[in-house]
Amino acid sequence: MPSVKEIFETMEYGPAPESSEFVDAWLEKHGRRFGHFINGRFVDGGSTFEVINPANKSTIAVVSQGTATGVDQAVQAAAAAFDNWRHLSGHQRARYLYAIARQIQKHSRFFAVLETIDNGKPIRETRDIDIPLAARHFYHHAGWAQLATEVFEKYCPLGVCGQIIPWNFPLLMLAWKVAPALAAGNTVVLKPAEFTPLTALLFAEITQQIGLPPGVFNLVTGDGHTGEALVEHPGVTKIAFTGSTEVGRIIRQKTAGSGKKLSLELGGKSPFVVFDDADLDSVIEGVVDAIWFNQGQVCCAGSRLLIQESIAEVMYSKLRHRMENLRVGNPLDKAIDIGAIVAPVQLQKIESLVQQGINEGATCWQPGWAVPTEGLFYPPTLFTNVEPAGTLAQVEIFGPVLVAMTFRTPAEAVELANNTPYGLAASVWTENVNLALDIAPKIKAGVVWVNCTNVFDAASGFGGYRESGFGREGGVEGMYEYLRPNWEQQLTEADDSGFEPRAEPGVNAGNAGSFDVASGVSDDRAKSENVAIDRTPKLYIGGKQARPDSGYSYPVFDPAGKYRGEAGLGNRKDIRNAVEGAVKAGGWPKSTAHLRAQILFYIAENLQVRAREFTDRLIGDSGYAPDLAEREVAATIERTFYYASWTDKYDGRVHQTPFRNVTLAMPEPWGVLGIVCPETNPLLGFMSLVLPAVAMGNTVVAVPSSRYPFAATDLYQVFDTSDLPDGVINIVTGNQLELAKVLAQHLEVAALWFFGKKSGSEMAERESAGNLKATWVTYGKARDWFAPEQSQGEEFLRHATQVKNIWVPYGE
Ligand code: NAI
């Protein structure tokens, strides 16, 4: 009789196919042909294209290729439905979302089979992960709809949301986008990916069944051109996109200046870091989940395996053994690990990147067995001997290809982990919780899984750092992507009267009498008893005053045209130096919140000491009435206290995810933040922006009001006497548009706030597409810097941080 060990070694799996009978019948009922879903009903969408089952290359159905006209009809339907939908009570909206969740649950296997046929992913995954998670998202967001008026009392919905999703998790990505949008009171036009539109069409039917008001959810199928039409439609107020970084960048450029709110969930090359004390058998199963889940077509796939050198060979051999035992084949078979690649073009992309890796000298290993030939299959693949800068280590392959590298020390692991432009997710494997929690904050990623991987939940935000995009989906973080402050609609246009600083030596002659250039004080003012002790207003870079690289200065006048002095005309080089100064102040984000609070309080104290001087400055430069100037200085001191107070109080959450996990949502600073300040309120406006940024641990390159720059340049000595470390705040005066452009294009600037001229908002958003900076711009609207709701608070702190979710499992 064979031993149990022998049985385990020889045991073959029998076929365990899931039937597609019901799904086939549904497809037949529709004549295997679908139009768009607009205003609550299916409409003919004109020309069509075929949807293919990647497991056998058969045609499943034909769907419509959406045109600009189709998109326009859908947007109009969504716009018409918006008013009623937003004014339903939260409870009424919650009922609809709850009904959707229940309907998905009731038909979960139907959805799972359809998804598997359409996408090629194993039924095991669609059944156990995609569909239950999609239902969970609607449950969770039914809750947000119910609570919206209480929790988001000061916020309102945006309008029509254009949502563009990829093919790797078709229904789940729909749920991630549609659920929060509807919960917040928006209406939706969704464009699914051209390869995988079918579960979205089934979802549309479900919205009909539950009686969702027509126009609240609309669906236009089609390819990238359809997506483009949606992005460009003027009736759309928000674009939510998940897909490639390349298209994300295009969308960033196309929407620049339009005022459309944007969230981008893009590609990744996520590290899977294994320390030598990790439980290696768990690690191996983790790797299987990380890179062979959904054939590796996962934005957060752990595609870079970073192993501590001492255990590398053991790991490779365990991994090869496990890979030999993976099963690739018919995704409808319940005992299949890896299904089909979504489309021929994706398979070719994988093949060509693998070949490139081989050409670059990396070692390729694949299991001994062959994959089925009738469909689009690719074997699990392991690369070793990979150069950290090589193609395989840098480019998102989006296939079942794992790239392994080694490290020696934790510091080296972090360096390797951060060595791509992406920052979506990371896994850290070690039995040492201290080490894990030391590494997690150092990795630049929106999600860090400790001793687990690819865990998702509606209660936790998901989204990237760096070129993996911005914005979060899920949890309270995700809700804000679909809301805006109530008062925003009442804002008026800022005074955009076109002041351009120009270098003009000698312009003071005849304008304000003689002028002492060295001290910057005109002689008539020097004789006055209220004179402030003036300073030579250079730039402020790395904690030092620096002359502008250009060697130019520009004259500054008060509103009556009286000459007030000269400010440095900063240029590209000055911004670069300032960014370098800000990068060097890297100790600031790591400093304790208590230290940052102390320094901010100290700044307030020193501002108070000089209150008279700043008041005079505002009276003299900006022509303020004395009481207004005093009010601005007092408000600035109070605001400094305000952010000193928030420093150690704006902290994270522990999300209620339904696993044995603590899910820590940690607000982290961006790094170097560029801030272009308003032309008006040169002191209060400047500090209202710079303070929340530095309070949260960012280092800042600020461009002050170009019309009235001296209130900001007077701050150097306040900063110097308040123990502010060098380089935490850098100030470059000059032409705001020119300087903002350099900031927008600079790859080491992680985020950009533009509160200057209207035309600058468009430029700031467009030019920031290079490294996909998160931007916060005003579109030329003026804020009231004295009104607390507009000028301070959580909105500022939220923009000053990005949330990292760290998942730490517990239990045996
Ligand atoms: P893609 O980014 O082109 O497509 C994603 C969605 O955007 C689809 O619905 C597509 O129709 C739409 N789209 C394409 N061009 C558009 C445009 N100019 N304007 C508006 N919408 C547009 O991704 P694709 O071509 O399907 O895959 C290419 C590569 O992208 C993959 O190999 C993978 O590396 C990456 N990718 C990343 C995903 C992620 O979740 N991070 C998802 C899908 C793909």
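Treat the numbers as computed from the prediction; the structure is a model and nothing was measured.

1. What to know about the overall build of the protein
Thinking step 1. A count of helical and extended segments in the protein gives 30 helices and 36 strands.
Thinking step 2. For a compact globule of 812 residues, the expected C-alpha radius of gyration is about 28 Å, and the protein comes in at 29 Å, within 12% of that figure.
Thinking step 3. Summarising its shape, the C-alpha atoms of the protein cover approximately 110 × 60 × 45 Å along the three principal directions.
Thinking step 4. Evaluated residue by residue, the protein yields a buried proportion of 61% over its 812 residues.
Thinking step 5. For the protein, the accessible area works out to roughly 30,500 Å², and carbon and sulfur atoms hold 52% of it.
Thinking step 6. Put simply, the protein has 72 plus and 92 minus side-chain charges, and the middle of one group is 2 Å from the middle of the other.

2. Some details on the site of the ligand
Thinking step 1. By nearness alone, 26 residues border the ligand, and I165, W167, E194, S244 and K349 come closest of all.
Thinking step 2. One of the backbone N or O atoms of G224 is found 3.4 Å from an oxygen atom in the ligand.
Thinking step 3. A distance of 3.1 Å separates an oxygen atom of the ligand from a polar side-chain atom of E396.
Thinking step 4. Compared with its free state, where it exposes 800 Å², the ligand has 87% of that area covered by protein.
Thinking step 5. For the shell around the ligand, the secondary-structure elements that each account for two or more residues are α9 (224-232), β10 (238-242), α10 (245-255) and α13 (344-359).
Thinking step 6. Looking at the shell around the ligand element by element, the count peaks at three residues for α9.
Thinking step 7. Its residues placed into classes, the shell around the ligand shows 12 nonpolar, eight polar and six charged.

3. Some details on the pairing of strand β7 (residues 160-164)
Thinking step 1. Counting buried residues in β7 gives five out of five residues, a clear majority hidden from the surface.
Thinking step 2. Of the two faces of β7, the one holding V160, G162 and I164 and the one holding C161 and Q163 are both buried throughout.
Thinking step 3. Crossover handedness for the path β7 to helix α7 (residues 170-183) to strand β8 (residues 187-191): right-handed.
Thinking step 4. Looking at chain direction, β7 and β10 are connected through four bridges and run parallel. Its bridge partner being in β10, C161 is matched across the sheet by K238.

4. Focus: the sheet that holds strand β29 (residues 661-669)
In a beta sheet, neighbouring strands are held together by backbone hydrogen bonds and run either parallel or antiparallel to one another.
Thinking step 1. In space, the 10 strands of this open sheet follow the order β14-β15-β16-β13-β12-β17-β18-β36-β29-β28, with mixed pairing throughout. Unpaired on one side and paired on the other, β14 (363-365) and β28 (653-655) mark the two borders of the sheet. Neighbour-to-neighbour, the strand axes of this sheet turn through a mean angle of 25°, independent of strand direction.
Thinking step 2. By the bridge criterion, three bridges tie β28 to β29 in an arrangement that is antiparallel. Along β29, the bridge assignment pairs R653 with A665.
Thinking step 3. Here α13 sits on the sheet in contact with β14, β15 (381-384) and β16 (401-407), set at roughly 25° to β15.

5. Examining the sheet that holds strand β5 (residues 58-64)
Thinking step 1. Pairing in this open sheet of three strands is mixed, and the strands run β1-β5-β4 from one edge to the other. Both edges of this open sheet fall to β1 (33-34) and β4 (48-53), since each of them pairs with a single strand only.
Thinking step 2. As judged from the two bridges shared by β1 and β5, these two strands associate in the parallel manner. When the sheet's bridge partners are listed, R33 is paired in β5 with V62.

6. Here we look at the packing of helix α2 (residues 21-29) against helix α5 (residues 108-119)
Thinking step 1. Look at α2 against α5: their axes get within 9 Å of each other, and the N-to-C directions meet at 75°. Classified by the interaxial angle, the pair formed by α2 and α5 is roughly perpendicular. Where α2 approaches α5, its residues F22, V23 and W26 are matched on the opposing element by F110, V113, L114 and I117.
Thinking step 2. Class assignment of the residues belonging to the contact of α2 with α5 gives a composition of seven nonpolar, no polar and no charged.

7. As for the pattern of salt bridges
Thinking step 1. All told, the structure shown has 32 salt bridges when counted by the stated rule.
Thinking step 2. The salt bridge partner of R32 is E28, with a shortest N-O separation of 2.7 Å.
Thinking step 3. When the shortest N-O distance is used, the salt bridge between E232 and K254 registers 3.5 Å. You can see E232 sitting in helix α9 and its partner K254 sitting in helix α10, a full 22 residues away along the chain.

8. Comments concerning the environment of A744
Thinking step 1. As for its position among the elements, A744 is in helix α27 (residues 736-745).
Thinking step 2. A residue is classified by how much of its surface remains accessible, and A744, at 1% relative accessible area, is buried.
Thinking step 3. As for A744 and A546, which are separated by 198 residues in sequence, their C-alpha atoms are 22 Å apart.

9. Side note on the confidence of the model for the protein
Thinking step 1. Of all residues in the protein, 95% have pLDDT values of 70 or greater, and the mean over the chain is 94.
Thinking step 2. Note on residues 509-528: pLDDT is under 50 here. Beyond four places in sequence and across chains, it has 36 contacts.

10. Remarks on a nonpolar patch on the surface
Thinking step 1. Taken together, the side chains of V4, F8 and M11 make up a nonpolar region of the molecular surface, amounting to roughly 360 Å² of accessible area.
Thinking step 2. Its place among the elements puts F8 in helix α1 (residues 4-10).

11. What about the pairing of β15?
Thinking step 1. Residues T381 and F383 of β15 are buried on one face, and the alternating residues L382 and T384, pointing to the opposite face, are buried as well.
Thinking step 2. As paired strands, β14 and β15 are joined by three bridges and run antiparallel to one another. Note that in β15 the partner of C364 across the bridge is F383.
Thinking step 3. Here three bridges tie β15 to β16, and the two strands are oriented parallel to one another. Following the sheet pairing, T381 is matched in β16 by V401.

Reading the values: the criteria
The numbers attached to residues start from 1 for each chain and follow its sequence in the written order. Under the rules for a predicted model, residues below a pLDDT of 70 receive no local features and side-chain atom pairs below 80 are neither given nor counted, while totals for whole chains, interfaces and linings still include all residues. Computation of side-chain values: all heavy atoms of the structure, hydrogens and water removed. Segments assigned H or I by DSSP are reported as helices when at least four residues long, segments assigned E as strands when at least two residues long, and all are numbered from the N terminus. As a reference, a globule follows 2.2 Å times the number of residues to the power 0.38, and the radius of gyration itself is taken over C-alpha atoms. The rule is simple: take the accessible area with a 1.4 Å probe, protein chains only, and divide by the maximum for that residue type; under 20% is buried, over 50% is exposed, in between is partly exposed. Residue burial considers only the protein chains on display, and all accessible areas are found by Shrake-Rupley using a 1.4 Å probe. Just so you know, the count uses Lys and Arg for positive and Asp and Glu for negative, and it drops His and the chain ends. Charged side chains are reduced to one point each, which is NZ for Lys, CZ for Arg, CG for Asp and CD for Glu. To be near a molecule or strand, a residue needs just one of its heavy atoms within 4 Å of it. Two N or O atoms form a polar contact when they lie within 3.5 Å of each other; inside protein one atom must be a possible hydrogen donor and the other a possible acceptor, and for residues adjacent in sequence the pair counts only when both atoms belong to side chains. All amino acids are sorted into three groups, where Ala, Val, Leu, Ile, Met, Phe, Trp, Tyr, Cys and Pro are nonpolar, Asp, Glu, Lys and Arg are charged, and the leftover types, Gly among them, are polar. With strands facing away from the observer, any crossover in which the path from the first strand over the helix to the second runs clockwise is taken as right-handed. Any two strands with at least two DSSP bridges between them are considered paired. Here an axis means a line fitted to C-alpha atoms, over the contact stretch when the element is a helix, while the angle between two N-to-C directions is reported on a 0 to 180 degree scale. Two residues qualify as a contact provided that any one of their heavy atoms is within 4.5 Å of a heavy atom in the partner residue. Working rule for angles: under 35 degrees goes down as roughly parallel, over 145 as roughly antiparallel, 65 to 115 as roughly perpendicular, anything else as oblique. A pairing counts as a salt bridge when a side-chain nitrogen of Lys or Arg comes within 4 Å of a carboxyl oxygen of Asp or Glu. Along the chain, pLDDT gives the predictor's confidence residue by residue, from 0 to 100. Residues forming no salt bridge and having over 30% relative accessible area are the ones grouped into patches, like charges within 9 Å of each other and nonpolar side chains (Val, Leu, Ile, Met, Phe, Trp, Tyr) within 5 Å.

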